[in-house]
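So you can see what is in the structure, the chains are spelled out below.
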Amino acid sequence: MQALRRLEGEQGPLDYIEFPDWGAAAFATLQEKRLGLAFQEATIAVRLHTSDSVLNSMEARFVDRAALSLLDLERKALADCDLIIGQVSGTATAMQQIFDFDDAQWVPRLHIDAPPVTLDHGAPAQASITVTWDTPIVFSSKIQRIKRPDIFVRGCCDFLRLNPRYCGQIRLIAMATDVDYLAEVRRLIPGDLLDRFHFATDADAAERHRIVSESVCVFPGTFESFCLAAYEASLSGALCVLADLNPAFGDASPWQDGINCVKFNGSPAGLAQALSRVFAAPRALRSVVVPTGPRPWTLPKHSRSAERASGAALVSILIPHHNLGDYVEETVDSVLESAYPNIELIVVDDASTDPESRDALLRLQARNDERIRVVWSTQNRGLAATRNLALSHARGEFVLTLDADDLIDGRFVSIGVDALTINDDVSFVVPQTAYFDDRPDANPAADAWTQCITFVGEARSSGLCQNRFSTATMMGRTEMLRSLGYDESLSAYEDWDLYMRAVMARSRFVVTNAVHFYYRRRAHSMIHSEAATRRIGLYYHDILRKKRVTFGSMTLPMYVLEGMSGTTHGESVEAMRAKLAAYEGSAAVAAALALQVRLNRLPPWMRAALKRMAHWMMHFRRARHERIIGARADR
């Protein structure tokens with residue numbers, strides 16, 4: 001995103017930007033466009049390949065929380081882009097289902113654009129070879145589970161048993177990055193057929209082309225976005241045998257059974273039968289024709305509205321407060337420094353008991369600033385109810401939620417209002433977050449990169465295990481927040497619960513790419529106290545217990561996720577979070593972070609000198625240790 005912003009600054013507005021779906025590379029660039037900060041004239045497209053999340057849904061893999069976050073990021077990139085580029089309509093439909101988009105969200109933005117297929121060796125063939133009983137049968141894809149070399153080997157073994165006349169070779173000329181899986185595939189071959197199979201994982205391009213062009217080339221994979229290797233094989237002259245359950249080879253694809261390929265049902269037995277038909281009645285087939293059409297960058301541009309926040313929309317900043325008199329004035333001042341002019345601050349006191357807090361709120365009232373209102377609650381309601389009470393007093397079109405001990409960047413209100421003005425479908429704008437320690441010399445902006453957490457916004461999967469939606473601070477549409485409401489039965493995590501319900505209702509989020517919110521780490525805050533650590537499992541259960549999940553025709557209470565995601569290697573979430581809190585709160589970590597901040601402020605030449613000195617001291621200690629060990633060995 002930063003490189004593209006530099007390019008736009010040097011060359012002017014960009015017309016078309018295309019990303020692959022793998023790894024959600026488009027995510028930050030799309031957020032920047034949605035926020036109205038860059039790329040307003042550009043069409044931003046995401047091309048469908050076989051992304052990490054698709055692989056997770058198609059083959060046996062280990063999946064951790066990072067994979068859940070990546071699923072959220074990859075889906076959000078697809079949700080936010082202007083164009084979705086499918087290479088074959090069947091695979092695009094399959095990915096639509098995997099990522100859970102309805103037709104209204106997907107179809108209007110989908111454009112089918114097959115990549116060009118060029119051969120490195122020889123001219124394209126017009127027809128396939130006519131096979132004989134010694135024509136080799138070849139697997140030319142990667143040795144990868146999703147490519148199903150196991151079906152190829154088993155199917156070919158069945159074919160050899162059924163057709164003793166066949167005297168050709170069975171060849172696997174595929175790259176294998178997983179040596180263990182390669183060994184697993186080799187073990188599938190019966191001992192009496194080992195001499196019929198030949199593995200060549202390092203064949204050069206010319207040799208691969210020669211082998212493929214004279215073969216029956218089999219593609220038994222479960223899923224492909226396009227399968228370039230199959231097109232190259234057909235255009236090289238191979239007779240292609242394809243698994244018809246693979247959406248890349250479906251009826252809507254260029255592949256036609258009996259015309260330019262032979263299809264089978266995806267099973268080893270089905271492959272053996274298809275190969276038997278090919279060799280029993282040999283005939284040449286046409287080569288596949290690669291579809292052509294308008295390239296996506298020639299389509300009408302998807303520029304964003306240039307509309308910006310005029311300052312007319314009122315933004316209500318909601319600050320719940322309970323016994324935080326030492327901090328609330330600093331929090332209010334951070335809001336009053338906002339670049340956006342039309343704001344109101346509503347501080348709701350939840351029946352504070354300490355005199356300092358009452359005095360701080362009275363000082364706020366004494367400022368006689370018409371933007372500030374203090375609402376006094378006569379009884380302690382709890383945080384969720386206090387947030388709802390603040391919402392009931394909000395007069396603005398948009399609200400910014402902010403706790404009484406945290407700080408907001410002065411640019412965020414303007415950014416949030418712009419994003420909500422430009423994007424009618426967006427309900428929430430989430431600032432990325434830096435933690436700062438509760439100490440007198442803390443400088444949140446300068447220390448922003450020492451302790452950070454980034455949020456996804458629409459954390460559909462990772463948000464079920466941990467709050468990856470947002471902190472309690474975000475900007476939203478007032479009516480949307482009122483319709484959701486904070487659950488007053490919860491003792492904690494009322495913000496996590498609200499975001500979870502919002503995403504379940506398909507509300508849309510945008511997140512910033514820079515830190516705009518500073519979260520104060522207080523030793524005795526509600527969720528960092530020792531008592532809260534002991535109750536954290538109860539808090540988590542509390543936000544899941546009212547929700548339900550559906551699997552096919554079966555519906556279960558969502559708290560079953562606690563058993564699936566709440567334990568890792570026998571250690572509970574509560575125990576792990578307690579350990580993490582103890583680690584992050586330790587004096588050693590605090591000292592190390594403070595030292596790092598001070599080192600970062602030193603001139604570059606001084607940091608380099610200290611680095612050289614540390615390297616010399618480490619070398620000296622190592623040499624001294626080796627001398628001691630040598631002396632002991634001599635004794």
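Everything quoted here is computed from the prediction, not taken from an experiment.

Procedures and definitions
- Residues numbered from 1 in each chain as written.
- Predicted model: local features only at pLDDT ≥ 70, side-chain atom pairs only at ≥ 80, totals over all residues.
- Heavy atoms only, no water.
- Helix = DSSP H or I, 4+ residues; strand = E, 2+ residues; numbered from the N terminus.
- Buried < 20%, exposed > 50% of the residue type's maximum accessible area, 1.4 Å probe, protein only.
- Contact = heavy atoms within 4.5 Å.
- Areas by Shrake-Rupley, 256 points an atom, 1.4 Å probe, with all protein chains shown as cover.
- Arc of directions from axis to C-beta.
- Polar contact = N/O pair within 3.5 Å; in protein donor to acceptor, adjacent residues only side chain to side chain.
- Pairing = 2+ DSSP bridges.
- Axes fitted to C-alpha atoms, helices over the stretch in contact; angles between N-to-C directions.
- Salt bridge = Lys/Arg side-chain N within 4 Å of Asp/Glu carboxyl O.
- Phe/Tyr/Trp six-rings, centres within 6.5 Å; stacked < 30°, edge-to-face > 60°.
- Expected span 1.5 Å × (residues − 1).
- Core = buried A, V, L, I, M, F, W, Y, C linked by side-chain atoms within 4.5 Å.
- Parallel < 35°, antiparallel > 145°, perpendicular 65-115°, else oblique.
- Left-handed = near helix turned anticlockwise from the far one by under 90°.
- pLDDT = per-residue confidence, 0-100.

Remarks on the overall build of the chain
Here is step 1: Helix and strand counts for the chain stand at 22 helices and 23 strands.
Here is step 2: Here the chain, with 635 residues, has 51% of them falling under the buried criterion.
Here is step 3: A sequence separation of at least 24 residues applies to 77% of the contacts in the chain between residues at least 6 apart.
Here is step 4: With the model as given, the accessible surface of the chain reaches about 29900 Å², and the carbon-plus-sulfur share is 54%.

Here we look at the environment of lysine 547
Here is step 1: Checked against the element boundaries, lysine 547 lands in the loop between α18 (530–544) and β20 (548–551).
Here is step 2: With a relative accessible area of 7%, lysine 547 lands in the buried category.
Here is step 3: For the pair formed by lysine 547 and methionine 504, sequence separation is 43 residues and the distance between their alpha carbons is 9.8 Å.
Here is step 4: Non-local contacts of lysine 547, meaning those with residues more than four positions away in its chain, are made with Asp497, Met500, Arg501, Met504, Leu556, Pro557 and Met558.

Looking at helix α8 (residues 179–186)
Every α-helix carries 3.6 residues per turn, so stepping three or four residues along brings you back to the same face.
Here is step 1: All of the buried residues along α8 are Tyr181, Leu182 and Val185. The buried residues of α8 occupy an angular sector of 105 degrees when projected down its axis, which confines them to one face. Away from its buried face, by an angle of more than 90 degrees, α8 presents the exposed residues Val179 and Asp180.
Here is step 2: Close packing links the buried residues of α8 with α7 (149–162) and β7 (197–199).
Here is step 3: In this structure aspartate 178 caps α8, since a side-chain oxygen of it lies 3.1 Å from the backbone nitrogen of aspartate 180.

What to know about the sheet that holds strand β2 (residues 43–47)
Here is step 1: Ordered by their spatial adjacency, 4 strands build an open sheet running β1-β2-β3-β4, and the pairing between neighbours is parallel. On the outer flanks of this sheet lie β1 (16–20) and β4 (110–112), each paired with one strand and no other. Pairwise comparison of adjacent strand axes, ignoring direction, gives a mean angle of 30 degrees for this sheet.

A short note on the pattern of salt bridges
Here is step 1: For the coordinates displayed, the defined rule picks out 41 salt bridges.
Here is step 2: One salt bridge in this structure joins glutamate 330 and arginine 520, with 3.0 Å as the shortest N-O distance. Taken as a pair, glutamate 330 in helix α12 (residues 328–336) and arginine 520 in strand β19 (residues 508–521) lie far apart in primary sequence, 190 residues in all.
Here is step 3: Residue arginine 545 is joined to aspartate 542 by a salt bridge in which the shortest nitrogen-to-oxygen separation is 2.4 Å.
Here is step 4: Among the residues examined, arginine 545 registers a relative accessible area of 32% and is labelled partly exposed.
Here is step 5: A relative accessible area of 16% places aspartate 542 in the buried class.
Here is step 6: One salt-bridge network, in which partners are shared between bridges, spans Arg34, Lys76, Asp80, Asp425, Glu458 and Arg508.

Structural notes on the packing of aromatic side chains
Here is step 1: Here the structure, examined in full by the defined rule, presents 18 aromatic pairs.
Here is step 2: Between phenylalanine 226 and tyrosine 231, the ring centres sit 4.2 Å apart and the planes meet at 5 degrees, which makes this aromatic pair stacked. The residues phenylalanine 226 and tyrosine 231 share a single accessibility class, namely buried.
Here is step 3: Relative to tyrosine 499, the ring of phenylalanine 469 has its centre 6.4 Å away and its plane inclined at 45 degrees; by these criteria the two rings are tilted. You can see phenylalanine 469 sitting in the loop between β17 (452–453) and β18 (475–477) and its partner tyrosine 499 sitting in helix α17 (residues 494–504), a full 30 residues away along the chain.

Here we look at the sheet that holds strand β8 (residues 216–219)
Here is step 1: Spatial ordering of the open sheet is given by β7-β6-β5-β8-β9-β10, a layout of 6 strands whose pairing is parallel. Each edge of the sheet is formed by a strand with only one pairing partner; in this case those strands are β7 and β10 (262–264). When the angles between neighbouring strand axes are averaged without regard to direction, this sheet yields 25 degrees.
Here is step 2: Both strand β6 (residues 170–172) and β7 contribute to a ladder of 3 bridges, which runs parallel. Paired with isoleucine 170 across the strands is phenylalanine 197, a residue of β7.
Here is step 3: Against the sheet, helix α11 (residues 268–280) makes contact with β5 (137–139), β8, β9 (239–243) and β10, and its axis sits at roughly 155 degrees relative to β10, the strand it touches most.

Digging into helix α13 (residues 355–366)
Here is step 1: Its 12 residues place the ends of α13 16 Å apart at the C-alpha level, agreeing with the 16 Å of an ideal helix rising 1.5 Å per residue.
Here is step 2: For α13, the set of buried residues is Ser357, Ala360, Leu361 and Leu364. Looking down the long axis of α13, one finds its buried residues gathered within 95 degrees of arc, a one-sided arrangement. Structural note: α13 exposes Pro355 and Ala366 on the side pointing more than 90 degrees away from its buried face.
Here is step 3: Buried residues along α13 sit against β11 (315–321), α12, β12 (343–349) and β13 (372–376).

Details of the environment of leucine 314
Here is step 1: Among the secondary structure elements, leucine 314 is positioned in the loop between α11 and β11.
Here is step 2: It is 6.7 Å that separates the C-alpha atoms of leucine 314 and phenylalanine 398, two residues lying 84 residues apart in sequence.
Here is step 3: Apart from the residues within four sequence positions on either side, leucine 314 is in contact with Asn342, Ile343, Glu344, Arg395, Gly396, Glu397 and Phe398.

Here's the deal with the nonpolar core
Here is step 1: If you look at the biggest cluster of nonpolar residues, it comprises 80 residues, and the most contacted ones within it are Val315, Ile317, Val332, Leu345 and Met475.
Here is step 2: Ignoring anything within four residues of it in the chain, the contact list for methionine 475 reads Val315, Phe398, Val399, Leu400, Phe412, Val413, Gly416, Val417, Leu420, Ser427, Phe428 and Val429.
Here is step 3: Grouped together as the second largest cluster of nonpolar side chains are 37 residues, Trp133, Phe139, Ala243 and Phe264 included.

Considering the packing of α7 against α11
Here is step 1: Packing of α7 against α11 brings their axes to within 8 Å, and their N-to-C directions diverge by 50 degrees. Between α7 and α11, the crossing angle belongs to the class labelled oblique. α7 and α11 meet at a crossing whose hand is right-handed. Contacts between α7 and α11 involve Ile151, Phe152, Arg154, Gly155, Cys156, Asp158, Phe159 and Leu162 from the first element and Pro268, Ala269, Leu271, Ala272, Leu275, Ser276 and Phe279 from the second.

Considering the pairing of strand β16 (residues 426–437)
Here is step 1: Across the 12 residues that make up β16, a large majority, 11, are buried.
Here is step 2: Looking at chain direction, β16 and β19 are connected through 10 bridges and run parallel. When the sheet's bridge partners are listed, valine 430 is paired in β19 with valine 511.
Here is step 3: The sheet contact formed by β16 and β18 spans 2 bridges and is antiparallel. What sits directly across from valine 429, in β18, is methionine 475.
Here is step 4: With 2 bridges joining them, β16 and β17 adopt antiparallel strand pairing. The partner of alanine 434 across the bridge, within β17, is cysteine 452.

Here we look at the confidence of the model for the chain
Here is step 1: With 85% of its residues at a pLDDT of 70 or more, the chain has an overall mean of 88.
Here is step 2: Contacts for the low-pLDDT stretch residues 567–574, under 50 throughout, to residues beyond four places or in other chains number 14 contacts.

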